[in-house]
Amino acid sequence: MKILTRHEEIVLLTILRLKDKAYLVTIKDMIKKYMDRDQSFGTLYVSLKRLKRYGYLSESVGAPTAKRGGKAVKYYRLTRDGITALKTIRKLHNAIWDDFSEIADEYTETL
Amino acid sequence: MRLDSKNPPGFGLWIIKRIIPDGDSRFFLGDIEESYRENRETKGKLRTFFWFWWQIAKTIPPIIVDNLYRSSMMFKNYFKIALRSISKNKMISLINVFGLATGLACTILIFLFIKDELSYDKFHEKSDEIYRITTNIHNPDGSIESVMGTVSIPHGPALTDFSNEINMCVRTWPLTFIVNRDNFAEDEDVFFADKDFFNMFTFPFINGNAATVLDQQNSAVLSESYAKKYFGDEDPIGKTITILADQSGESNDFIVSGIIIDPPKNSTLTPNIVVPYECLKLFGWGRFMESWDFIPFGSTYIEVNDQNSQKSIIDNYSSFTDQYYTAAFDKMRNNMFGDVKSDKDPLSFGLQKLEDIHLDPRASGATDFTKVFVLSGIAIIILFIASINFIILSVGNAAKRFLEIGIRKVVGAGKKQLIWQFISESNFMTGLAVILGIGIVFVTLPLFNELILKNLTFTDTLSASNLWFIAFLTLFIGVIVGCYPALIMTKPKPVETFKGKYRFGGKNIFTQFLVTTQFVLSIVLLLSAITLGRQINYLIDSDYGFNRENIVYLEMRANNAEVADRLFNLFKDRLSNNDEIISISGSSHRLPRRYVTDRIVYKGNTYMDIGVTFIDHKYLQTLGININEGRDFSPDLSTDIEAVIVNETLVRDLEITDPVGKQIQISDETFNIIGVTDDFHLRELKYGISPAVFMMKPQPGAFRTLRLRYLVFKISPYNTAKTLEAISSTWKELQPGKPINYSFLDENINRMFLQEKRWYNIVAYSSVLSILIACLGIFGLTSLTINKRKKEISIRKVHGASTAKILTLISKDSVKWVLTASFIALPIGYYVMQRWLQNFTYRISLSPIIFMICALAILILVLAATGFQILKAARANPVDSLRNE
């Protein structure tokens, strides 16, 4: 199981939250909302491709709309492996971040 | 493009489409459009405009990086395939790579040579502002007879005053003197130069200040290795070194004031021992320092202000010559034009760029620019032949892989991908070839250095510009060579490859054309090499008209005529009992001579330059020059002092009948002719036979008195070492403190041909190499053909064909190619060589028989190379190949 980068983590979680409506534009907007930072199309595209290659995402094609100039949409969904990956990361995260507040407070005392 | 404001700018979309793979681009573009329209609705036209282009800018880098990553992964795959295909055809691939490697190595070596030749004198900081003043010598009718790279001594400084385009002027003159320190003495080239020499030319100092180092009258600057030679490990600064002129006897002390780093090899100036120009006066040359009509052998250099200076100086030259040269020209007109009335200027002047000097044949020991040109041509030819090989073999090889390609296509490989695969495969091989090629260069560099008389080091080879050149070359060849098979092989439809419809190699017109071209080029090269070799040998072995072997010249180093005579007699006393010395004689010059402008003989209204040689009475005998009329000089007849012996050409040119007994006027004196010799070559062969005069009366000359300067020994061919030792020890006895300088006549002659031999070597080796590469190609091609026709051969065997018949059948193609190539190459070679031989007055005649033997030899070579393989195939058991169907 590959260790996900922060960026990939965020993308996967966003896709999870978006349920059936996850595609490039929506993912981009949601990340902007959470992180208040603008991801470029390019970085997102590359991450999505990579995640797909790892097997964490599956794609499906949706109906074209006029707004897109008549082009179809590519929707992304998490696969089982994707969920497992997220869970693993979560476990790791929890283990490392456990007791963070107490330890941090103790530590600031010594500074 | 519609200007509907709701569409995102088409240009931006076009960029995206270029960098995203086809499959994804539709969706991606749709996403962008959607985003764009949302923004238009919420934020309005202007802000969306900025947003859009900002997005494009941010999008491009990650995608490009990802593309590169992806391609590199693909290339890893391609290389694996390349490796696999190579190991499946080890022999062909080996031949291929090796052939190309050799071709590349050749090209690289030649490139290094050319680069070195073109780099002469470029290391000076101001090299593009330095010019040399040249003198054009005119005929009475105004045409230019010859050009010299030197000019009279006062000319440079006067021109510098006259023209305001010149910054400084430096005169130089390398002369050979004996340099002496604490009893260690040797002949050295002493470089006389004006004070500003180190300001104009860049020779970094180890010790000493460039600007002031030549200020003192008797200062000397040494190069590092010369300092070591004369002073060992001591610090030479402030110490004394003695310079001795053995012609005039003056000896002067010099104090070392500076040490420079050894001058680099690619320099036409060789400042190893530099002394101030004024010191020429100390050695007896003072009377020429102000002479306008004396042209020394040393050059004058000027540094100009800028690029346009040259033109302006040349334009104003006539006013300069009017101001300074009027008297000198009048004098020269009398001397040079004789009785021919002419008001033309006997001299005119020019400026030659410093950087051009080395490649100008007028400078001594230099290359010709045409030769550099020809050499590049040879390099390109070899590379061409090797590349053709590569193409042919790659293509032929690939023919086997049509099946594989078909399957790949069916499975979904894009056409572009396939092309990339082949290009990367061929680049892989080319890369291997380059590495191997550089290895070959490394190994053969010492040998090459010997051939071309240079000293290229391997680190030179790896310099930045060289590496760029090599990288560029590799890529270029790799892509070109890869493209052809790539394009050809990705064309056919997959189904047809299954059916086995596509064959390749062999009968293809393109292949035939390529192979024939290869052989045409190599045969022409070979013919040139052979002709060159024959011509050189002819020149070297030609009969000069006198004995060449076992003649030793010993320079007497006597200060004047009396000393010379005395030394001469002393030597004769000491050495005439030596059994190995057959005869001892003396002369003023060594043969063959460089210049023959000793004296003038008038013929009617004009005059002739003749070469006068001062000799003793045994000279003609020692050198084996035959007297066919009259007699030789006799020691008993004192009147022989006023006598001369001439050669047939002189008699003929002056139209003297019954020369013996007649008188002849040479310059201001009258002489009796007592004998006439057979013609012989006084000078190098190419000058033909010059009129020659021998006399026994010392003559004052323009700068050298005509008197005995050399002892001429005819020694026996046995025990030469002992003989030389005897001569050596006699020298030490009679001329202690002066270094001995002797040379063999035949070696002197051979040395004249050093340059030619160097060229011959290069051309010869190149031609052999190209033939080998071409043969390698045919070898590989034959093996491919055999492979392809294995079944056919087996079937023929089964039907009763004999081994011999099969041999003839398969070799028919190779023979056809070589013969066609010969038919084309022989006439071309003949024509080109004929033109080239016109340059020589004495030349061989081209014999068509030799040419044909050459072609025959190549044919045999090719047959031998391929015959072995064919034989093996012909003898193979037909069952084996017919079995797998």
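Residues numbered from 1 in each chain as written. Chains lettered and ligands numbered in written order. Predicted model: local features only at pLDDT ≥ 70, side-chain atom pairs only at ≥ 80, totals over all residues. Heavy atoms only, no water.

### Observations concerning the overall build of chain B
Assigned secondary structure in chain B consists of 27 helices and 22 strands. For chain B, whose C-alpha radius of gyration is 37 Å, the value lies well above the compact-globule estimate of 29 Å for 885 residues. Taken across its 885 residues, chain B has 50% of its residues classed as buried. The long-range share in chain B, meaning contacts at least 24 apart out of those at least 6 apart in sequence, stands at 78%. Accessible area for chain B stands at about 42,300 Å²; split by element, carbon and sulfur atoms hold 58% of it. (Helix = DSSP H or I, 4+ residues; strand = E, 2+ residues; numbered from the N terminus. Rg over C-alpha atoms; globule rule 2.2 N^0.38 Å. Buried < 20%, exposed > 50% of the residue type's maximum accessible area, 1.4 Å probe, protein only. Contact = heavy atoms within 4.5 Å. Areas by Shrake-Rupley, 256 points an atom, 1.4 Å probe, with all protein chains shown as cover.)

### Examining empty space enclosed by the protein
Residues and elements named next belong to chain B. For the structure on display, the rule yields 4 cavities of 30 Å³ or more. Counted as a void, the second largest cavity has a volume near 70 Å³. Taken together, Ile778, Leu781, Thr782, Thr785, Ile810, Asp813, Ser814 and Trp817 form the lining of the second largest cavity. Those elements that place two or more of their residues in the lining of the second largest cavity are helix H23 (754-788) and helix H25 (803-837). (1 Å grid on protein atoms, 1.4 Å probe; cavity = no way out; pocket = protein on both sides within 12 Å on 5 of 7 lines; lining within 4 Å. Points joined across faces, edges and corners; volume = space filled by probe spheres on them.)

### Concerning unusual backbone geometry
Residues and elements named next belong to chain B. With an omega of -15°, the peptide bond running from Leu591 to Pro592 counts as cis. As for its position among the elements, Pro592 is in the loop between strand S13 (581-587) and strand S14 (599-603). Of note, Glu655 is a non-glycine position whose phi angle comes to about 55°, a positive value. Tracing the chain through its elements places Glu655 in the loop between helix H20 (648-653) and strand S18 (663-666). Judged by relative accessible area, which is 61%, Glu655 ranks as exposed. At Asn719, a residue that is not glycine, the phi angle is positive and equals roughly 55°. One can find Asn719 in the loop between strand S21 (710-715) and helix H21 (720-734). Of the residues examined, Asn719 reaches a relative accessible area of 43% and is grouped as partly exposed.

### Quick word on the packing of aromatic side chains
Under the definition given, this model contains 44 aromatic pairs over all chains. The interplanar angle of 90° and the centroid separation of 5.3 Å between the aromatic rings of Phe201 of chain B and Tyr301 of chain B together place this pair among those described as edge-to-face. Placement of the pair is Phe201 of chain B in the loop between helix H6 (197-200) and strand S5 (205-207) and Tyr301 of chain B in strand S10 (residues 300-304), with a sequence separation of 100 residues. There is no split in this pair, since Phe201 of chain B and Tyr301 of chain B are both buried. When the ring centre of Phe41 of chain A is taken as reference, the NZ or CZ atom of Lys28 of chain A above it lies at 4.7 Å. The ring of Phe27 of chain B is capped by Arg26 of chain B, whose NZ or CZ atom sits 5.1 Å from the centre of that ring. (Phe/Tyr/Trp six-rings, centres within 6.5 Å; stacked < 30°, edge-to-face > 60°. Lys NZ or Arg CZ within 6 Å of the ring centre and 35° of its normal.)

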